[in-house]
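Structural features, examined
Below, each chain spelled out in residue letters.
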Amino acid sequence: MSQYLRDAELEVPVETPRQLVDYFVRGGRPPEDWRVGTEYEKICVRRDGRAVPFFGPAGVEELLVRLSRSHGWEPVVENAHVVALRRGRASITLEPGAQLELSGEPWRTVREAARELRGHVREIVEVGEPLGIFFLGLGMQPFSPIDEIPWVPKERYRIMAPYMTKVGSLGHRMMKQTASIQVNVDYEDEADAMAKMRVATAICPLLTAMFANSPFCDGKLGEYLSYRSHVWTDTDPQRSGFLPFVFSDTASFDDYVRYALDVPMYFIVRERWIDMTAYTFRQYLERGYEGHRATLADWHAHLTTLFPEVRLKRYVEVRCFDCQMPELALAAPAICKGVLYSRGSLEAAWELVKAWTWEERLELWHEVHRSAMRAKVRGLTVRDLCGELLEAARLGLVDRGAQEEVVYLEPLFDLVRKGVSPAEEVRRRWSSEWAEDPEQLVRALAYRPF
C-alpha cells in the first residue's frame, strides 16, 4: 500500500547515505508504544477452485467496488481501474494475480487484531458470495496455472513482471499464485531492531514448518508442503532469502543500508511510473536519472521491493508464513509478539538456534519446505524445536501482561503435539473425504465468518 501514501517528511532529497540510516533510526519506539501489524493475503477462487480474474462483472475489481459502496472503503484508482481500498489506517490491496490482501491497522493486542480480521472476513464473504467469489486459506492457488491468471493492471507489476523472468524461474508463480501472512513488529532502537531481525530470521525455518500450507500447484500435489516458500528460492536471489549480516554481533542499520543500496531498483514514481531496473539505488543516488534525484520517498518505495524472509522498514517485518484459515492466521501475530516483545523470550528463542552454522540454516530452510516439522537439524526434530519456541512465545505473552492472548497460540500447540502441518492435513483430506474434488476442497477451506 506504500505507493498510495504521501508523507511530506519523505518528499525531501537524499544527499548522503546517512539520511538513509536516519530513516530507520526515526522508526524506533519505546516499548510501551509497541504494536503489532498483520497483513493477510488470500487466494480468490470460483467454486471449482480456479482463480478469479481481476476484470469482468464478477471479478475482483467488482468485489472492490462493492466493498467500497457497502462498507465505507475509499477506492484507489490506477489506470482507470479500482486496484485498492483504504479506510483509516487499514487498506485492502491486490497482489499481481488478484490475491486480496488486508493490511491491518497496528494494534496493541492480538485480540484487537482478531476483531479486525473477523470484521474483514465478514465483509468480504458477504460481498463475495453473490459474485461467486470464495477466499481460500491456502498459500498457493491450487488449480489455475499462471498463464490462466490475468495480471492486475498496476504499473508496478508492469515493470516487475518482465524483470522477474531475467533473475529467476519462479518469479511469476510468486506474483500470481502465492498468498502469505506478514507480521510487523516495532523496535526500540538499532540494537533492538538487529536483535529482532537476527532471532526472527533464525527461527524462520521453524515458523515455516508450523505454518506450511501450500501443497498444491497447477492442480497437483507435489513434493513440497510449503511450495510457496520454495518459490522464493528461485525468484530473485538478490532481494530474497536470508540476510547473512544479521547474524553478526555487530549488525547495524548501516549494514541494511549497504545491502539495500546494491539491490536493483524496480521504479520511481513522479508524474508517471519510471522503470529503474537497470539501476541499483546506489547508482541512482550517485547519478540521478533523467534529471530526477533520489528522495526519501524513493527510498521508502525501494524498501518495499526487497523480499528477504525478514525485512527492515520502520519496523521489522516477518514474511515466512503461508496463508491460513482465519483461526490459525491469528497465531502468526501471537507468536511474533510473544517471542519478539519479551526480552526473556527473545533470548530463549535465540538459545534454541544460535549454534547453527550458515550452511545448516540454509539446509534446514530448504528442508522444511518439503518436510515441515519432520525435518531435522543436529539430530533434533523441528517438531521438538517448535514446541520449545511455542513455550517461549507463551511465556513472552505472559511477561507482556497478555495472558489472555495465549489462546491464539493454542492451534499451534495442537499442530505441534500432532507433528502435522496444515498442508499434511490438506493432503490427507484431499485423497479421503474430499475424493479429489476441487469443489469439496473449496467448501472446506473457504473463509467463513467466525
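What this report covers is the structure whose coordinates are included nearby. This one's a predicted model, so the numbers in the text were calculated from it and none came from an experiment. (Residues numbered from 1 in each chain as written. Predicted model: local features only at pLDDT ≥ 70, side-chain atom pairs only at ≥ 80, totals over all residues. Heavy atoms only, no water.)

For the rest of this paragraph, the subject is the packing of helix 6 (residues 190-210) against helix 15 (residues 382-399). Close contact between helix 6 and helix 15 brings their axes to 10 Å; oriented N to C, the two are set at 100°. The pairing of helix 6 with helix 15 is recorded here as roughly perpendicular in orientation. For the pair helix 6 and helix 15, contact is made by I203, L206, L207, A209 and M210 and by V382, L385, C386, L389 and L390, respectively. Its residues assigned to classes, the contact of helix 6 with helix 15 shows 10 nonpolar, no polar and no charged. (Axes fitted to C-alpha atoms, helices over the stretch in contact; angles between N-to-C directions. Helix = DSSP H or I, 4+ residues; strand = E, 2+ residues; numbered from the N terminus. Parallel < 35°, antiparallel > 145°, perpendicular 65-115°, else oblique. Contact = heavy atoms within 4.5 Å. Nonpolar A, V, L, I, M, F, W, Y, C, P; charged D, E, K, R; others polar.)

It is worth spelling out a negative patch on the surface at this point. On the surface, a cluster of negative charge is made up of E32, D33, E188, D189, E190 and D254. Here D189 is to be found in the loop between strand 7 (180-185) and helix 6. (Patch = residues over 30% accessible without salt bridge, like charges linked within 9 Å, V, L, I, M, F, W, Y side chains within 5 Å. Areas by Shrake-Rupley, 256 points an atom, 1.4 Å probe, with all protein chains shown as cover. Salt bridge = Lys/Arg side-chain N within 4 Å of Asp/Glu carboxyl O. Lys, Arg positive; Asp, Glu negative; His and termini not counted. Charge placed at Lys NZ, Arg CZ, Asp CG, Glu CD.)

One can describe the packing of helix 6 onto helix 8 (residues 253-261) by two numbers: an axis separation of 9 Å at closest approach and a directional angle of 60°. Across the interface between the two elements, E190, A193, M194 and M197 of helix 6 pack against F253, D254 and Y256 of helix 8. Looking at the contact of helix 6 with helix 8 residue by residue, the classes come out as 5 nonpolar, no polar and 2 charged.

Within the sequence span of helix 18 (residues 438-445), burial applies to L441, V442 and L445. Summarising the axial view, the buried residues of helix 18 lie within an arc of 95°, below the 170-degree limit, and thus occupy one face. Buried-residue contacts for helix 18 involve strand 1 (36-45), strand 6 (134-136), strand 8 (216-217) and helix 17 (422-431). Where helix 18 begins, the capping side chain belongs to D437, and its oxygen is found 3.0 Å from the backbone nitrogen of E439. (Buried < 20%, exposed > 50% of the residue type's maximum accessible area, 1.4 Å probe, protein only. Arc of directions from axis to C-beta. Polar contact = N/O pair within 3.5 Å; in protein donor to acceptor, adjacent residues only side chain to side chain.)

This paragraph deals with the environment of M373. Here M373 is to be found in the loop between helix 14 (358-371) and strand 16 (376-377). Taking the relative accessible area as the measure of exposure, M373 reaches 2% and is therefore buried. Sequence separation between M373 and L117 is 256 residues; the distance between their C-alpha atoms is 27 Å. Setting aside its immediate chain neighbours within four residues, M373 contacts A209, M210, T381, V382, R383, C386, L415, V416, G419, V420 and S421.

Without other data, these values stay purely geometric and don't point to any function.
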